[in-house]
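# Tertiary structure, described
Chain by chain, the residues:
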Amino acid sequence: MLLDRTKMKLTMKDVEDKEAAKRQRAQAAQERSKQMHDGIMDAWRKIAKMKNSESDTKKLKRVYEAMMAGEISRDPSDAIDKRGKVKAFSKAEALRLYAKLEQRDRDKKIAELLEKLPQNYELIQTWAHLDDFIAAMSKESIIALDTETTGLDVFADEIVGISISLPSADRHCYIPVAHDTDEPQLNREIVLERLRPYLQDNNLRKVLHNAKFDIHMFIRHGVRVQGVHFDTQVAMQILNENEPSKRLKDLATVYLGEPSDTYDALFGKTPFHKITNLRVALAYAAKDTHLTWRLYRFMQHHLDRLPKLRTVYYEIENPLIDVVVEMEQEGFILDIDRAKALGKQMRKEIEALEAQLKQHFGDDVNFNSPAQLSKIFYEDLKLGKHLPPGMKQSTDKNALKVLAEHHEGISVLLEYKALMKLYGTYIDALPKQVKSDGRIHGEFKQDSTVTGRFSSKNPNLQNQPKYVRQIFKAPPGMVLLSGDFSQQEPRLLAHFSGEPLLIEAYRQGKDLYTTAAAELWGLPESECGDGSKWRKMMKTGILAVMYGTGTNTLAKQLGITVEEADDFIKKFYAKYKYVKRWIEGNVEFARKHGYVEMLMGRKRRLPEINSRDEWVRYRAERQATNAIIQGSAAIMTKIAMLKVAELCKRKGWKMVLTVHDEIGVYAPDTITPADVMEFEHTMLHAVELKVPSKSDIEAAYHWGESVNWDAKAKQWKVSDGDVVCYFDTPKEALAAAGAAV
DNA sequence: CGGCTGGGCCAC
DNA sequence: AAACGTGGCCCAGCCG
């Protein structure tokens, strides 16, 4: 190609221009570099003031120190935007620097791990070696066990290696079985067959960290682990529910004084089977069971001096692990056809509502965007003046309900938002979670809440709206038998406070809220029945007492003035003196001991109870009473689950869910009312309180749609007049939820 | 496209 | 300044 000579010509002016530009660039770079570091201390101060999670705090600290030591500095490619302007140093950038630091350290850490590889860590690559190890294992009564896998999905991923620690022999092995490497490895299926007698031996006790995960993984390969004696993750929640991280390596660092790198600190996002150097795999994996064992010893030491917590662990949490495994394995069947039909209907309604909204507010609005809605309502339409003083200019339901009085489009928006929530989060999302066996396998976590309640995720089966429950069904020929503790928490309030008035009401089988309302306001019970404002006020009020709700919020909830709410609380405490004394006692106890105790002596530590910050302290005071009630309810439900699990074993039923005060099982639809009574009895007598328990039991082919026993036909029937279906259409559900204005 | 955060909201 | 406890998930919007 010919060069264009005209462009090659160099004039003096060109040279000067170029030099000037160069100077300018250098100057700009210097200026930027100065700007990049100028505001950095202010930025750090700002970041330090943010409410950072414990793990973020750790990371930020590391970056800060590295920066001050000159080990790392802002990356210009991160600190300067496209137009060449210096961006303010943010928490996000700091966290990115942390990732960079980690990346830099990774090789060093792995090299170190190899250097320090203990003599008693064994990489098992031959059958003779495996035989030798198994011979040693057969002399042990307890071992530590762990699996390495291709990922975290226990219904899709696979085992790539197994770690075992033998405590008395002090031998710690890793058996790689599916790494992507040319190094010698044993065959997974044969290894599992060789280990099977030991893994399934109830008398060979096992210690694991997050046992549920490994048990699921072994089940994927046809092995049902027995004899789980201790789970260091589950136990950690008993020993310190405020622990910021329960990852094994973090606990080892904190409690064993053994600084240990987490998986991603060493390998990032590389899945374990991609680790080709098996000695690296050994160093990491054998350390897992070794640390698990040491953590077990450490925890035993503390459980020895905390006998109540030992009982909570061994009598409730540990046996519950197997129950949860079974429950998650069973899964929940989704009625896909129904979900599809409902989805179609909802999409139609959503589209219609959207068309209306566009007429009201314009075509180019995303009605799911709080930012856009806020601009329209508060900047364009200036509706903020209609909000009561003190109410934030929000686009949440509360504010919109007020604004709906002043703009007719807003009630449409309320309906739209409620419908979108149901559709997006549930009706449309749930079918996508169905696994290859046609079921939803949500996760139930027994050790992830500070009060001891279960949490649930992927999907969360504990927050399914009533309207949505109908798309969950029982397998053919079975019903969903479920029982929920009626007024579980108020009963516990009566139990703990010893309030004679509350206890008496429950013992006489009266409706507590009606009785209490009549007593408090000196009204005849006929005026405080179901649906009366007095009963509602009492119900909300008792809840408020348990949750420590302030009078402002209570007033808002009940639609009364703050003075009236205040008056109610005063009256309530004057009448129920035991309740008042008990609540005050909880705070006192917490101040003195730093924790409160629930049923069986499970603890909720409240380190903030003596904080000088009033707001922080008050929160801890509310938590004190709430934790006793909520935590004791959780214990009660967990005990009931253990007993229902035994019942299930006897009857061949399968537990499928727990929702705080509710337990659900799949049972053949040939069960009789006698079976149902047995189920009810099991729940009611799981725990004996000072007040009787009550449970509402229902059998249903679809969750929430109870069927009745037809005594003549001797079967469960969905007879026209009898079936209790929550709602037929989304509209009815919304009306019931009070969303449609 | 994945990670992260804020606003909002579902359950008990 | 903040006064309703315990959770998890969706969407928007921003980041790389």
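As shown above, the structure is provided for reference.
In this text, all values refer to a predicted model and were calculated from it rather than measured experimentally.

Once that is clear, we can look at the environment of Ala-169. Along the chain, the position of Ala-169 falls in the loop between β3 (159-166) and β4 (171-176). Classification of Ala-169 by relative accessible area gives partly exposed; the value is 36%. Linking Ala-169 and His-407, residues 238 residues apart in sequence, is a C-alpha distance of 77 Å.

Here we take up the layout of surface pockets. Its boundaries defined by the atoms lining it, the second largest pocket holds a volume of some 1100 Å³. Only α4 (54-68), α6 (91-115), α11 (248-255), α12 (263-267) and α13 (278-305) provide two or more residues apiece to the lining of the second largest pocket. If one sorts the elements of the lining of the second largest pocket by residue count, α6 sits on top with 8 residues. Residues belonging to the lining of the second largest pocket are distributed by class as follows: 14 nonpolar, 6 polar and 17 charged.

Spatial strand order, β1-β4-β3-β2-β5-β6: 6 strands in an open sheet with mixed pairing. Looking at strand neighbours, the two that pair on one side only are β1 (121-123) and β6 (228-231), the edges of this open sheet. Neighbour-to-neighbour, the strand axes of this sheet turn through a mean angle of 25°, independent of strand direction. As judged from the 3 bridges shared by strand β2 (residues 142-149) and strand β5 (residues 205-208), these two strands associate in the parallel manner. Looking at the pairing, Ala-144 lines up with Val-207 of β5. Against the sheet, helix α7 (residues 127-137) contacts β1, β2, β3 and β4, and its axis sits at roughly 140° relative to β4.

A large share of β2 lies buried, amounting to 8 of its 8 residues. In β2, alternate side chains face the same way, and those of Ile-142, Ala-144, Asp-146 and Glu-148 on one face and Ile-143, Leu-145, Thr-147 and Thr-149 on the other are all buried.

Moving on to unusual backbone geometry. Excluding glycine, most residues fall at negative phi; most peptide bonds, likewise, are trans. Here the amide bond leading from Asn-458 into Pro-459 is cis, since omega sits at -5°, within 30 degrees of zero. Following the sequence through the fold, Pro-459 ends up in the loop between β10 (455-457) and α19 (466-469). Of note, the phi angle at Asp-170 is positive, near 55°, even though the residue is not glycine. Inspection of the secondary structure assignment puts Asp-170 in the loop between β3 and β4. Given a relative accessible area of 38%, Asp-170 falls into the partly exposed group. Non-glycine residue Met-600 carries a positive phi angle of around 65°. Looking at the secondary structure, you find Met-600 in the loop between β13 (595-597) and β14 (603-605). In this structure Met-600 comes out as partly exposed when scored by relative accessible area, which is 31%.

Rules of the game
- Each chain carries its own residue numbering, running from 1 in the direction its sequence is written.
- Written order determines the labels here, with chains lettered from A and ligands numbered from 1.
- Where local features are concerned, this predicted model is filtered to residues with pLDDT of at least 70; where side-chain atom pairs are given and counted, the filter is 80 or more; whole-chain, interface and lining totals use all residues.
- In computing side-chain values, all of the structure's heavy atoms are included and hydrogens and water are not.
- The helix and strand labels rest on DSSP assignments: H or I over at least four residues marks a helix, E over at least two residues marks a strand, and numbering proceeds from the N terminus.
- Categorising residues by exposure relies on relative accessible area from a 1.4 Å probe, with only protein chains included: less than 20% of the type maximum marks a residue as buried, more than 50% marks it as exposed, and the intermediate range marks it as partly exposed.
- Lining residues are defined by having an atom within 4 Å of a point belonging to a cavity or pocket. Those points lie on a 1 Å grid over the protein atoms alone, cavities being sets where a 1.4 Å probe fits but cannot get out and pockets being open sets with protein on both sides within 12 Å along at least five of seven lines.
- Grid points are joined across faces, edges and corners, and a volume is the space filled by probe spheres set on the points.
- The classification used treats Ala, Val, Leu, Ile, Met, Phe, Trp, Tyr, Cys and Pro as nonpolar, Asp, Glu, Lys and Arg as charged, and all other residues, Gly among them, as polar.
- At least two bridges found by DSSP between two strands is the condition for calling them paired.
- Only the stretch in contact is used when fitting a helix axis, every axis being a line fitted to C-alpha atoms; angles between N-to-C directions are given from 0 to 180 degrees.
- We call two residues contacting when some pair of their heavy atoms lies within 4.5 Å.

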